Amino acid sequence: METVLTLFFIGVGLSMDAFAVSICKGLSMRKVNQKQCFVIALFFGGFQALMPFIGWLLGSQFESYITSIDHWIAFILLGFIGGKMIVEAVKERDEAVQIEQMDPPLDIKELFLLAVATSIDALAVGVTFAFLDTPIVEAITIIGLTTFVIAIIGVYAGNFFGNKYKSKAELAGGLILILIGVKILLEHLGIL
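Fair warning: this is a prediction, and the values are worked out from it, not measured in the lab.

**Student:** What's the story with helix α2 (residues 34–58) in this structure? I'm lost.
**Tutor:** Residues spaced three or four apart along an α-helix face the same direction, because each turn holds 3.6 residues. A rise of 1.5 Å per residue sets the reference length of α2, with its 25 residues, at 36 Å; its end C-alpha atoms lie 36 Å apart and thus fit the reference within 8%. You can read the cap of α2 off the contacts: a side-chain oxygen lies 3.0 Å from the backbone nitrogen of lysine 35, and it is on asparagine 33. Immediately downstream of α2, the backbone of glycine 59 shows phi near 60°, a positive value.

As structure tokens, then:
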């Protein structure tokens, strides 16, 4: 039971970036689209489960390589996507009327990049699982399911606030993504 609780808390910790990004996704929805919410949660939960498994497979052989660049990859991906959101928020949109009637479709490529960027730190956690002889199937199941649920909560929370503050929602979402990227970079560089 202690192992399950420990893995749950690891899952919660790893899912915080995915939670923040899920809030950003919910900000852009006029009304929560349950299918889109499920896809978002599936991407984040799936990658949070997949990355520790890959890290566990790689074991100690590549630990120094992974931990030396993971923060840069996350920083670049989140900065790029956040910058794109900010640019879209400040430029004029001709399709504003159409968006009011219908939520924009999910950009699967963008969602893939976000899922990778927010789960790269889980790769290094997977490497430590190999050292500690952690039961990997149990670990990735708990981490994946925890992130899945937290991402759904994030979409609903973002939608709630996005509907109240529509005009600034996308701009705030872009800034949040950039700040998450900067936070990841600064933590790994030992500045925070």
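**Student:** Could you clarify how one ought to interpret the packing of aromatic side chains in this entry?
**Tutor:** The geometry of an aromatic ring pair is captured by two quantities: the separation of the ring centres and the angle between the planes. For the structure shown, the criterion picks out 5 aromatic pairs. Within the aromatic cluster, the residues linked to one another by ring pairs are Phe43, Phe47 and Phe112.

**Student:** Explain the packing of α2 against helix α5 (residues 108–132) here, please?
**Tutor:** Any two packed helices are characterised by how steeply their axes cross, that is the angle between the axes, and by the distance between the axes. Where α2 contacts α5, the axes come no closer than 6 Å and their chain directions differ by 35°. Seen along the crossing, α2 lies across α5 with a hand that is right-handed. Residue composition of the contact of α2 with α5, grouped by class: 21 nonpolar, 5 polar and no charged.

**Student:** Sorry if this is basic, but what is going on with the nonpolar core here?
**Tutor:** When a protein is soluble and globular, its nonpolar side chains tend to lie buried together. One finds Ile40, Phe44, Met51, Val116, Phe129 and Val155 to be the most contacted residues of the largest nonpolar core, which totals 36 residues. Among the secondary structure elements, those contributing two or more residues to this core are α1 (2–27), α2, α5, α6 (136–164) and α7 (166–188). In contact with methionine 51, other than residues within four places in its own chain, are Val116, Ser119, Ile120, Ala122 and Leu123.

**Student:** So what exactly am I meant to see when it comes to the environment of isoleucine 140 here?
**Tutor:** Here isoleucine 140 shows up in helix α6. C-alpha separation for the pair isoleucine 140 and proline 52, spaced 88 residues apart in sequence, amounts to 6.7 Å.

**Student:** Just checking my understanding: could you explain α5 for this structure?
**Tutor:** An ideal rise of 1.5 Å per residue puts 36 Å on 25 residues; α5 measures up with 35 Å between its terminal C-alpha atoms. Maximal helix bending in α5 amounts to about 40°, located at serine 119. A side-chain oxygen of the first residue of α5 lies 3.2 Å from the backbone nitrogen of lysine 109; this N-cap is aspartate 107. Directly after α5, the chain includes aspartate 133, whose backbone phi takes a positive value near 55°.

**Student:** Which parts of the structure should I look at to understand the side chain of serine 15?
**Tutor:** Among the secondary structure elements, serine 15 is positioned in helix α1. Here the side chain of serine 15 touches valine 12 through a polar contact of 2.9 Å, landing on its backbone oxygen. Once residues within four sequence positions are removed from consideration, serine 15 is found in contact with Gln48, Thr147 and Ile150.

**Student:** Is there a simple way to explain the environment of phenylalanine 129 in this structure?
**Tutor:** For phenylalanine 129, the location among the structural elements is in helix α5. Overall, phenylalanine 129 belongs to the buried group, its relative accessible area being 3%. C-alpha of phenylalanine 129 to C-alpha of glycine 59: the two residues are 70 residues apart in sequence and 8.3 Å apart in space. With near-sequence residues (within four places) excluded, phenylalanine 129 lies in contact with Leu7, Ile10, Pro52, Trp56, Thr134, Ile136, Ala139 and Ile143.

Definitions and limits used
Throughout, residues of each chain are indexed from 1 in the direction in which the sequence is written. Owing to the predicted nature of the model, reporting of local features is limited to residues with pLDDT of at least 70; listing and counting of side-chain atom pairs is limited to 80 or more, with chain, interface and lining totals taken over all residues. Only hydrogens and water are set aside when side-chain values are computed; all heavy atoms of the structure are taken into account. What counts as a helix is a DSSP run of H or I of at least four residues, what counts as a strand is a run of E of at least two, and both are numbered from the N terminus. For a helix, the expected span equals 1.5 Å multiplied by the residue count minus one. By the criterion applied in these results, polar contacts are pairs of N or O atoms within 3.5 Å in which, for protein atoms, one can donate a hydrogen and the other can accept it, and in which residues neighboring in sequence qualify only through two side-chain atoms. We call Phe, Tyr and Trp rings a pair once their centres come within 6.5 Å, taking the six-membered ring for Trp, and we label the pair stacked below 30 degrees between planes, edge-to-face above 60, and tilted otherwise. Each axis is a line fitted through C-alpha atoms, taken for helices only over the stretch in contact, and angles between the N-to-C directions span 0 to 180 degrees. What makes a crossing left-handed is the near helix being turned counterclockwise from the far one by less than a right angle; a clockwise turn instead makes it right-handed. For this classification, the nonpolar set comprises Ala, Val, Leu, Ile, Met, Phe, Trp, Tyr, Cys and Pro, the charged set comprises Asp, Glu, Lys and Arg, and every other residue, Gly included, is treated as polar. By nonpolar core is meant a set of buried Ala, Val, Leu, Ile, Met, Phe, Trp, Tyr and Cys residues that side-chain atoms within 4.5 Å join together. Any residue under 20% of the maximum accessible area for its type is buried, any over 50% is exposed, and the rest in between are partly exposed; the area is computed with a 1.4 Å probe on protein chains only. Whether two residues are in contact is decided by their heavy atoms, any of which lying within 4.5 Å being enough. A residue's bend is the angle separating two fitted axes: one through the seven residues that end there, the other through the seven that start there.

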